[in-house]
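Fold and geometry: a report
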Amino acid sequence: MAYELLWDASYEYLEKNVSFVNSLTRLMLERANNHRSQLFTQAHKKSPTFLEDFKVAHDEVQNMGKTLQTVVNDWKSLFAEVTSNLCKQTIPQPIAPSADLTFDYIKPLLEYKVNEKVQLIVTYIPASPEGIFYAMDDSRKTDFRANFTPIQKTCKTFLNKPPPAGVVFMVYIDNLWTRAVCNVATKGKTPVAIYLLDLGEVLPYEDHVPKAMLPAEFISVPGYAMKCTIVPKAVSFPFNLYDIVSCNVVAVQNDLLVLEYNDEKQAFCCSIVEETITKTEWEQQDDVAKRTNANKLNNNQDKHEYSKASGRSTKAEQKAQQADASQSQTNVIKRAHNEQKEEFPIRNSSKDTNREEQYNVTQSTTKEIKSAPNGEKQEYAITRETFTEAELEQLDDISQSTSNAMKAVLGYVPKDDERLCKHYDPATKGCFKGSNCRLRHEPKDPDGWTLDKDTVSVSIPAQMEIPLPNTYITLHPTCIIDVDTFYAHVAGDEANYAKYEQLMAEMNDPEMIDNYKTLKLIPALGELVIAKYEDMWYRATVCDVFDNRISVFYVDYGNTATVGTNEVRRWEDRFKFLPFQAVYCRISNIQRIKPCHLQAIQQLHSCILDKPIRALIIDNKHPWEVLIYDEDNFDVGEALIMTKLALPRKPSKFDENSYIPG
């Protein structure tokens, strides 16, 4: 798996850079031919500046060659060198069945009582020892999902050597990150196996399998996989992997849970079949009686001779109909019994699948009822009795309208009368209760406006010093928006940088975080807030609001993200002393070929992001019009034009003294 991921990453890298390399190679050949035709003319050979011109031309071509060499070196470090290291890895030996392995980790709590009924999800059935399997408590699956999902999204710090025994880490198996721990090995020996805490599976230790450090908040969570056994012991288990099984607790022996298996499905199938057979029998007898009475009423023309024939005919018909009914009843029983035998041994791994199996059994027997001749009664397989309490609660959850005029108009009910003290005295700014009053001491709005919606901040007074046009500055790009636009920090101001470090330290101080106020109302567009990004708090503004999500713009970095409402806090005025650090810039000599040109954006990303670059200010209006140069003092915009990743554009500058049209 690691080789496949590495190969795909290498191919993707080459695919992204092949056009850039080809364009740069053609440009090198053209420049080399042009310099040769200019340098080695008869007149220029005798020029006193020949040696200086030759050196300048040679350095230019050599610098372009360095760029090509950088691409090759990056590819080698990504693929060739790492692949050679992977090829040295030895094939892991399978774990011997008799191997005595010890794993040190926080085991799950088996807080069960004898005869307690539990529902488990089977997570692993080992080949040996016999009679042992691993399962997770079905009631803990929500807790497992809440811990398992963040592990997939967290930033990974990869491990290059085996972690010590007892240290919980992450391992990448079957396209998922899973918690694991190595076995306790003797001193100086490499661990031979890893144990998956949440599945119970034991796998051979392999160096090339990706492993990463586990965040601290997930290390202390006990494993979800419980070691179980069934009594009485059988040759094979009556369930399969990932089935949901119902059991009774027999005993708890250290870390082993002894269970008795409950066969609920077979009882359900038998009750359905018996009920259907009973209903079918009564319906068929009722049909026979109706047909007999109809024959008697229609055959009364000849009371003497024809009545005897009619009587014989009626008895014969009754016998034939009873025989047909008996045969039909026998067929129903056989078919229902066969369906029961076919469906019972196969158990699926979720509640929904079990519900679907029950529906199939009911549906097959119901079809027999519908197929009875002249049957009028229809039985339905899905009723309220077939749903669980949670499904019924969801089915009955119908949103109600409101009769409150304030809620219908404003969308909420004002709480001024509940929150504002009615004994408020404007002269004392309080009431006669003094500090004992827990209500809010503010006057009501004279125009009747509610105070439920408070005034919010959308800007700060601190503003950044704007550089003058035709001056050079150093920028540190933080976010690429498009091939010609980006956000950056202005480097060089040590005092401003020290204040920003102080600001970030204060915002992420644990004591300060505990005092942040949560959002009580829906935030307004453009409102300043404090938002989390990768476990850090930053200054941000609200861009859009959804049901339980908020799109925010981080004013100090220029990036946008959608976060949950629990990751946003109300703005604190103590953080307004420092100007917003992200500056919106536009490369003045290029324009994009098409919107969201991925290859061009990636090329600009690799060239300037998180690197100090030299910039010439063409215009200091919003956005700043700049010309940017790389570490070799090469115009980045010109390079994008030459590689056909951008179109040329004439730098624009706004003249404040010019006339405005119209």
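Criteria and cut-off values
Residues numbered from 1 in each chain as written. Predicted model: local features only at pLDDT ≥ 70, side-chain atom pairs only at ≥ 80, totals over all residues. Heavy atoms only, no water. Helix = DSSP H or I, 4+ residues; strand = E, 2+ residues; numbered from the N terminus. Buried < 20%, exposed > 50% of the residue type's maximum accessible area, 1.4 Å probe, protein only. Contact = heavy atoms within 4.5 Å. 1 Å grid on protein atoms, 1.4 Å probe; cavity = no way out; pocket = protein on both sides within 12 Å on 5 of 7 lines; lining within 4 Å. Points joined across faces, edges and corners; volume = space filled by probe spheres on them. Nonpolar A, V, L, I, M, F, W, Y, C, P; charged D, E, K, R; others polar. UniProt positions renumbered as here; feature names shortened; annotations may be inferred. Pairing = 2+ DSSP bridges. Axes fitted to C-alpha atoms, helices over the stretch in contact; angles between N-to-C directions.

In the nomenclature of an unreviewed UniProt entry, the protein chain corresponds to C3H1-type domain-containing protein from the organism Anopheles funestus.

Topic: the overall build of the protein chain
Counting its secondary structure elements, the protein chain contains 15 helices and 22 strands. With 662 residues in all, the protein chain has 35% of them scored as buried. Summarising the internal contacts of the protein chain: among those between residues at least 6 apart in sequence, 66% fall at separations of at least 24.

Brief notes about empty space enclosed by the protein
For the coordinates displayed, the defined rule picks out two cavities of 30 Å³ or more. Roughly 50 Å³ of volume is contained in the largest cavity. If you go around the largest cavity, the residues you meet are Phe144, Asn147, Phe148, Ile151, Arg179, Asp198, Phe218, Val221 and Tyr224. For the lining of the largest cavity, the leading source of residues is helix α4 (residues 141-153), giving four residues. When grouped by side-chain class, the residues that make up the lining of the largest cavity number six nonpolar, one polar and two charged.

Here's the deal with the UniProt feature "domain: C3H1-type" (unreviewed entry) in the protein chain
UniProt's entry tags residues 415-444 with the feature "domain: C3H1-type" (unreviewed entry), counted in the numbering of this structure. With 13% helix and 0% strand, residues 415-444 has its two end C-alpha atoms placed 12 Å apart.

Section: the sheet that holds strand β16 (residues 560-564)
Here five strands make up an open sheet; going across it, the order is β16-β15-β14-β13-β17 and the pairing antiparallel. Looking at the sheet topology across the chains shown, the edges are occupied by β16 and β17 (568-570). Direction aside, the axes of adjacent strands within the sheet are offset by 50° on average. One ladder, built from five bridges, connects strand β14 (residues 536-545) with strand β15 (residues 549-554); its direction is antiparallel. Residue pairing in the sheet places Val545 in a bridge with Ile550 of β15. Packing of helix α12 (residues 494-507) onto the sheet brings it into contact with β13 (528-533) and β14, and relative to β14 it is tilted by some 80°.

Digging into the pairing of strand β3 (residues 169-173)
Counted residue by residue, β3 has five buried out of five residues, so it is predominantly covered. The alternating pattern of β3 places Phe169, Val171 and Ile173 and Met170 and Tyr172 on opposite faces, both of which are buried. Of the pairings in the sheet, the one linking β3 to strand β4 (residues 176-182) comprises five bridges and is antiparallel in character. For Ile173, the partnering residue across the bridge sits in β4 and is Leu176. The antiparallel hairpin formed by β3 and β4 contains two residues in its connecting segment, where Asp174 sits at a positive phi of about 55°. Pairing between β3 and strand β7 (residues 211-213): three bridges, direction antiparallel. When the sheet's bridge partners are listed, Val171 is paired in β7 with Lys211.

Here's the deal with the side chain of Ser551
Structurally, Ser551 is set in strand β15. If we skip the residues at most four places from it in the chain, Ser551 touches Thr541, Val542, Cys543, Asp544, Phe546, Thr560, Ala561 and Thr562.

Looking at the sheet that holds strand β12 (residues 485-491)
Strand pairing within a sheet occurs via backbone hydrogen bonds; the two strands may be parallel or antiparallel. Spatially, the five strands close up into a barrel ordered β11-β12-β18-β21-β20, and their pairing is mixed. In this sheet, neighbouring strand axes are inclined to one another by 55° on average, regardless of whether the strands run parallel or antiparallel. Two elements, strand β20 (residues 613-619) and strand β21 (residues 624-629), share five bridges in a ladder whose sense is antiparallel. Bridge pairing links Ala615 to Ile628 in β21. Docked against the sheet, helix α14 (residues 598-608) engages β11 (472-482), β12, β18 (583-587), β20 and β21, running at close to 145° with respect to β11.

Here's the deal with unusual backbone geometry
A cis geometry characterises the amide bond from Val231 onward to Pro232, with omega recorded as -5°. Assignment of secondary structure puts Pro232 in the loop between β8 (226-230) and β9 (244-253). The residue after His622, namely Pro623, is reached through a cis peptide bond having omega -5°. Among the secondary structure elements, Pro623 is positioned in the loop between β20 and β21. Unlike most non-glycine residues, Lys429 shows phi in positive territory, near 60°. Relative to the helices and strands, Lys429 resides in the loop between α11 (416-419) and β11. Residue class for Lys429 comes out exposed when judged on its relative accessible area of 61%. In this structure, Asn633 takes a positive phi of about 60° despite not being glycine.

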